[in-house]
Amino acid sequence: MRKIEENIFKVLMILSTIIISSTLFMILYTIFSKGLGSLSWDMVSKIPEGGFYIGKGGGILNAIVGSVYITIGSTLLGLLISLPIVIYINVYAKRNATLATITRLSYDILFGIPSIVYGAFGFAIMVYMGLKTSLLAGIITVTLMIIPILVRAIDEVVRVVPEDMSNAVFALGGTRYETAKIILRQSIPGIITAILLSFGRAIGDAACVLFTAGFTDSIPTSLDQPAATLPLSIFFQLSSPIKEVQNRAYAAAVILTIIVLAINIVAKIASKNLSKNKI
Amino acid sequence: MIIQPHISIQNLNVHIGENHILKNINLDIPDKKVTSLIGPSGCGKTTLLKTMNRLLDRQNDVRVDGKVLVDGENIYDPKVEVTHIRKKMGLLSQRPFPLPMNIYDNIAYGQRIHGNHNKKELDQIVEKYLRGVNLWDEVKDRLKSPATRLSIGQQQRLCLARGLAIEPEIILGDEPTSALDPISTQAIEELFLQLKDKYTIVLVTHILRQARRVSDYIGFVYMGEIIEFGPTEEVLLNPKEKLTQDYVKGFLV
């Protein structure tokens, strides 16, 4: 009887594993089979020519560059804000201090807010401040969206650094700032995972940039110009009735996927090299 | 009886939340001797140790009343710089926690955060203290490799060297051998015996035999109070208090 129970669960577990990994392969297969045919050097090296969305020539360089700008900009800005938060609630504030508890509660709630709400919020701020749709507005909105992801993921890894590790630094006469640096160094692999998570969210999110970064066929040359993004580019092309343009949308999806994969691989290698001294 | 206390604890009371953890502790830790604190788990001996370098400050809802004088200076005086206090003491915890860096940097770290960046001096200090804990010959060819690759016994000696490299006067050990195998334990114990000429050592231990082997004085802590304090043999072999007698009874037979 217990043997049967065991076997049922084994089958269930294997099934779930198959479902999740086959979903991944099906997604990859779909976008690659539909997109690879339309993927050309023009796609990644040219900006849209007139009539691009009705099947004329050109590429989506504008969206690639726009997405990369917004993602890198917001990830850096996000880290700049998240790391001090994490250090504060873990090293400076005593555990269960009111401010730390409120902070943790806030980012847990923020974490669950859908990105379209961030988009609407970013839009409201923009209007209030009299900004146009621009790269800057896009970066700020995406940053707001990924801060909870970064803080939560980094907090998670920093919190598991053993108390005795920080005590060791304190016992050597270290200040809290010096202790924080050691804790962060100990948490590098986790921090990189957090960056990856937020990078993936930032580059793939359409709702945040819809009202804030806008869309344009040219490449932005300054922060106050609107910027195109890959998800929106995919959206606009996929909504076209023309088959050719739709296929280009899949090609754009391939590009987006390749960028995310490449960043993942680079980060994994970096994390391995940086964490060789970790406990 | 004790002529020159290095650490003098006076009327110390520690509350954590609602709990009265340490009750009116008065204790003089003699200079350049090994003092062991023994007692059952949860009796407060580790807390007592942590009051000596103010690591207790890190915990929530802690209230410390009374004085801890180190070299005559009350370390709980609000004007005192806490990093300066801690620099006087090396801490050895239950399990070794090497810093996430290589062997060399682990030893040099303390010197560096206190402002010494002279490469030549650091080289000398690293060698001196690694030799001091008998680790130099084992690691001299791989100073740049991660400290975590060392065995746990080697790591504990590394942590001791790291603590000594900031040139403290006092070594605090919180059951420093509890995670180690017998051979590594012996190595650490022998080090303590060598080091007590230069340092005042305070050791928290569960192991009565260890307390007897290494210490000159023993304090028996029970339910947050110092029940008995005196020379090692006296406390272990001729305890005056009933509670101490009960606790060391297993040791006598």
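Residues numbered from 1 in each chain as written. Chains lettered and ligands numbered in written order. Predicted model: local features only at pLDDT ≥ 70, side-chain atom pairs only at ≥ 80, totals over all residues.

Caption draft 1: Highlighting the overall build of chain B. From N to C terminus, chain B includes 10 helices and 10 strands. Here chain B has a C-alpha radius of gyration of 18 Å; the compact-globule value for 253 residues is 18 Å, and the two agree. Viewed in the frame of its principal axes, chain B has a C-alpha envelope of about 55 × 45 × 35 Å. The 253 residues of chain B split such that 47% are buried. When contacts within chain B are restricted to residue pairs at least 6 apart in sequence, long-range pairs at least 24 apart make up 67% of them. (Helix = DSSP H or I, 4+ residues; strand = E, 2+ residues; numbered from the N terminus. Rg over C-alpha atoms; globule rule 2.2 N^0.38 Å. Buried ≥ 20, exposed ≤ 12 C-beta atoms within 10 Å, placed from the backbone. Contact = placed C-beta atoms within 7 Å.)

Caption draft 2: Representation of the domain arrangement of chain B within the structure. Looking at chain B, the domain boundaries give domain 1 (1-30 + 38-88 + 213-253) and domain 2 (96-167). For domain 1 of chain B versus domain 2 of chain B, the distance between C-alpha centres works out to 29 Å. (Domains from an automatic or database assignment.)

Caption draft 3: Here's a closer look at the interface of chain B and chain A. Taken together, the contact pairs 23 residues of chain B with 22 residues of chain A. Where the side of chain B that touches chain A is concerned, the elements lending two or more residues are helix H2 (82-87), strand S6 (89-92) and helix H3 (103-113) of chain B. The class makeup of the residues in the side of chain B that touches chain A is 11 nonpolar, nine polar and three charged. (Nonpolar A, V, L, I, M, F, W, Y, C, P; charged D, E, K, R; others polar.)

Caption draft 4: Summary view of the nonpolar core. Of all hydrophobic cores here, the largest spans 135 residues; its most connected members are Ile-154 and Ala-252 of chain A together with Tyr-129, Ala-161 and Val-202 of chain B. If one sorts the elements of this core by residue count, helix H6 (residues 135-159) of chain A sits on top with 17 residues. Discounting residues that sit within four places of it in the chain, Ile-154 of chain A has contacts with Ser-82, Val-86, Gly-190, Ile-191 and Ala-194 of chain A. (Core = buried A, V, L, I, M, F, W, Y, C linked by C-beta atoms within 7 Å.)

Caption draft 5: How the structure looks around helix H5 (residues 115-129) of chain A. Residues and elements named next belong to chain A. Under the 1.5 Å per step criterion, the end-to-end length of H5 is 21 Å for 15 residues, consistent within 8% with the ideal 21 Å. When we look at burial in H5, the residues that qualify are Ser-115, Tyr-118, Gly-119, Gly-122 and Met-126. Down the axis of H5, the sector holding all buried residues measures 100°, keeping them to one side. Relative to its buried face, H5 has exposed residues pointing more than 90 degrees away, namely Ala-124, Val-127 and Tyr-128. Buried residues along H5 sit against H6 and helix H10 (207-210). (Expected span 1.5 Å × (residues − 1). Arc of directions from axis to C-beta.)

Caption draft 6: The arrangement of helix H9 (residues 188-204) of chain A in detail. All names here are of chain A. Between its first and last C-alpha, H9 extends 24 Å over 17 residues, near the 24 Å set by a 1.5 Å rise per residue. Residues Gly-190, Ile-191, Ala-194, Ile-195, Ser-198, Phe-199, Ala-202 and Ile-203 constitute the buried set of H9. Here the buried face of H9 lies against helix H3 (61-92), H6, helix H8 (176-186), helix H11 (230-238) and helix H12 (243-274).

Caption draft 7: Structural detail: the environment of Leu-136 of chain A. Residue and element names in this part refer to chain A. Along the chain, the position of Leu-136 falls in helix H6. Residue classification places Leu-136 among the buried positions, given that 21 C-beta atoms sit within 10 Å. Sequence-wise, Leu-136 and Leu-223 are 87 residues apart; in three dimensions their C-alpha atoms are separated by 5.0 Å. Leaving out residues up to four positions away in the same chain, Leu-136 has contacts with Leu-223 and Asp-224.

Caption draft 8: Local environment of the pairing of strand S10 (residues 225-231) of chain B. Residues and elements named next belong to chain B. Bridge analysis of strand S9 (residues 217-222) against S10 gives six bridges, and the strand direction is antiparallel. By the bridge assignment, Tyr-217 is partnered in S10 with Pro-231. From the end of S9 to the start of S10, which pair antiparallel, there are two residues, and Met-223 there has a positive phi angle of about 50°. (Pairing = 2+ DSSP bridges.)

Caption draft 9: The arrangement of the packing of H11 of chain A against H12 of chain A in detail. All names here are of chain A. With their axes 7 Å apart at the nearest point, H11 and H12 run at an angle of 160° to one another. With respect to their mutual orientation, H11 and H12 come out roughly antiparallel. As for the relative orientation of H11 and H12, their crossing is left-handed in sense. Contact residues: H11 offers Leu-230, Ser-233, Ile-234, Gln-237 and Leu-238, while H12 offers Val-245, Gln-246, Arg-248, Ala-249, Ala-252, Ala-253, Ile-255 and Leu-256. Residue classes in the contact of H11 with H12 are distributed as nine nonpolar, three polar and one charged. (Axes fitted to C-alpha atoms, helices over the stretch in contact; angles between N-to-C directions. Parallel < 35°, antiparallel > 145°, perpendicular 65-115°, else oblique. Left-handed = near helix turned anticlockwise from the far one by under 90°.)

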